[in-house]
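# Secondary and tertiary structure notes
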Amino acid sequence: MSKANKNIKHLRALKGWSQSHLAEVLEIPRARIGSYEEERCEPPIDVLIKLSDLFHVAIDALVRCDLSTVKSDELIRVGDNRILFPILVDEEGEDRVEVLTVQASAGYLGSYADPEYIGNLQRMSLPFPTHGKCRAFPIRGDSMLPLQDGSYVIGRYIDRAEDLINGKSYIVLSKDEGVVYKRIYLKDENLELHSDNPLYPPYSIHRRDVLELWQFVCSMNLEDSKNQDESQSTIVKMLQNIQGKIDAININ
């Protein structure tokens, strides 16, 4: 059995709904809700789609994750029907930042809502509170000087384009562009993306094509990493080394 059976009961309870009410909303017999929750059968894809739309939970999260172990206020909604996974903390209660390496970023557009893919990302801590869901992204090219190719930008997730601040920089995931780091200006239903390097002209994308937005928190120039193996463990060690140096400065 998938975890969907348990999640149906959990999500229904969060709403305070009876089995009969959920069945009415889904337009299926009440007995089918009972059979799902008692794990006598699994919900078919058409029911999973309805549940996804109803509870704003990605189908892959419904079938792969035990949502009862995650606090509802730690879940971040992406679009209408996706959940970005919860804010992670270490043993000391400090926020943990997921690190998207150059290698992992190649599959990010197709897997950004895949719990297994996100769960396999390396993680690190920062020497300052991040106050939100954060992720580290690799920078390609020189369009955002002085950041160099191979640098990392850490962004804090925002769930609405309306929360953008004109002229601030963001990591943007879109259907056609994939992951880009740009300075953004709102223009009606479009986002106008500007590079800090004047050699690159601005361009626009429609809001509906934006899948994720991450507001700039900090950047890390890793110039020495250009000729090194870009494996996940190597990148994380570099970032942790930088963190150690910052800690030492704070102590002194």
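Residues numbered from 1 in each chain as written. Predicted model: local features only at pLDDT ≥ 70, side-chain atom pairs only at ≥ 80, totals over all residues. Heavy atoms only, no water.

## Quick look at the overall build of the chain
Across its full length, the chain carries nine helices and 12 strands. Of all intrachain contacts in the chain linking residues separated by at least 6 positions in sequence, the fraction that spans at least 24 positions is 60%. As displayed, the chain offers around 13200 Å² of accessible surface, 47% of which is attributable to carbon and sulfur atoms. (Helix = DSSP H or I, 4+ residues; strand = E, 2+ residues; numbered from the N terminus. Contact = heavy atoms within 4.5 Å. Areas by Shrake-Rupley, 256 points an atom, 1.4 Å probe, with all protein chains shown as cover.)

## Remarks on the packing of helix α2 (residues 19–26) against helix α3 (residues 30–37)
Running from amino to carboxyl end, α2 crosses α3 at an angle of 115°, the nearest separation of the two axes being 8 Å. With respect to α3, the axis of α2 lies roughly perpendicular. The way α2 lies across α3 gives a crossing that is right-handed. Taking contact as the criterion, the partners of Gln 19, Ser 20, Leu 22, Ala 23 and Leu 26 in α2 are, on α3, Arg 30, Ile 33, Gly 34 and Glu 37. In terms of residue class, the contact of α2 with α3 is built from four nonpolar, three polar and two charged. (Axes fitted to C-alpha atoms, helices over the stretch in contact; angles between N-to-C directions. Parallel < 35°, antiparallel > 145°, perpendicular 65-115°, else oblique. Left-handed = near helix turned anticlockwise from the far one by under 90°. Nonpolar A, V, L, I, M, F, W, Y, C, P; charged D, E, K, R; others polar.)

## As for the packing of aromatic side chains
The tally for this structure, following the rule as stated, stands at seven aromatic pairs. With 5.7 Å between their ring centres and 85° between their planes, Tyr 108 and Phe 137 make a pair best called edge-to-face. Of this pair, Tyr 108 sits in helix α7 (residues 108–111) while Phe 137 sits in strand β6 (residues 134–138), and the two are 29 residues apart along the sequence. Looking at Tyr 108, the relative accessible area reads 0%, which means it is buried. Lying across the ring of Tyr 200, Lys 182 places its NZ or CZ 5.9 Å from the centre. (Phe/Tyr/Trp six-rings, centres within 6.5 Å; stacked < 30°, edge-to-face > 60°. Buried < 20%, exposed > 50% of the residue type's maximum accessible area, 1.4 Å probe, protein only. Lys NZ or Arg CZ within 6 Å of the ring centre and 35° of its normal.)

## Re α2
Of the residues making up α2, those classed as buried are Gln 19, Leu 22, Ala 23 and Leu 26. Projection of α2 onto a plane perpendicular to its axis shows the buried side chains occupying an angular sector of 100°, all on one side. Next to the buried residues of α2 lie α1 (4–15), α3 and α4 (45–55). At the exit of α2 stands Glu 27, carrying a positive phi of roughly 60°. (Arc of directions from axis to C-beta.)

## Digging into the side chain of His 10
You can see His 10 is positioned in helix α1. There is a polar contact of 3.4 Å between the side chain of His 10 and the backbone oxygen of Leu 67. Each residue touching His 10, except ones within four places of it in the same chain, is listed here: Leu 67 and Ser 68. (Polar contact = N/O pair within 3.5 Å; in protein donor to acceptor, adjacent residues only side chain to side chain.)

## Quick notes on the confidence of the model for the chain
When pLDDT is averaged along the chain, the result is 80, and 76% of the positions lie at 70 or above. Within the chain, the lowest mean pLDDT, 54, falls on strand β1 (residues 76–78), and the highest, 95, falls on α2. When the criterion is pLDDT under 50, residues 225–232 qualifies, and its contacts beyond four places in sequence or with other chains add up to 19 contacts. (pLDDT = per-residue confidence, 0-100.)

## A look at the state of the cysteines
Disulfide: a covalent bond connecting the sulfur atoms of a pair of cysteines. Applying the stated criterion across every chain yields a total of zero disulfides. Cys 134 forms no disulfide, and the closest cysteine sulfur to it belongs to Cys 218, at a distance of 8.2 Å. What makes Cys 134 buried here is its relative accessible area of 2%. (Disulfide = S-S within 2.5 Å.)

## A word on the environment of Tyr 36
If you trace the backbone, Tyr 36 turns up in helix α3. Separated by 31 residues in the primary sequence, Tyr 36 and Asn 5 have C-alpha atoms spaced 5.3 Å apart. The contacts of Tyr 36, once residues within four sequence positions are left out, are Asn 5, Ile 8, Ile 28, Cys 41, Glu 42, Pro 43, Pro 44 and Val 47.

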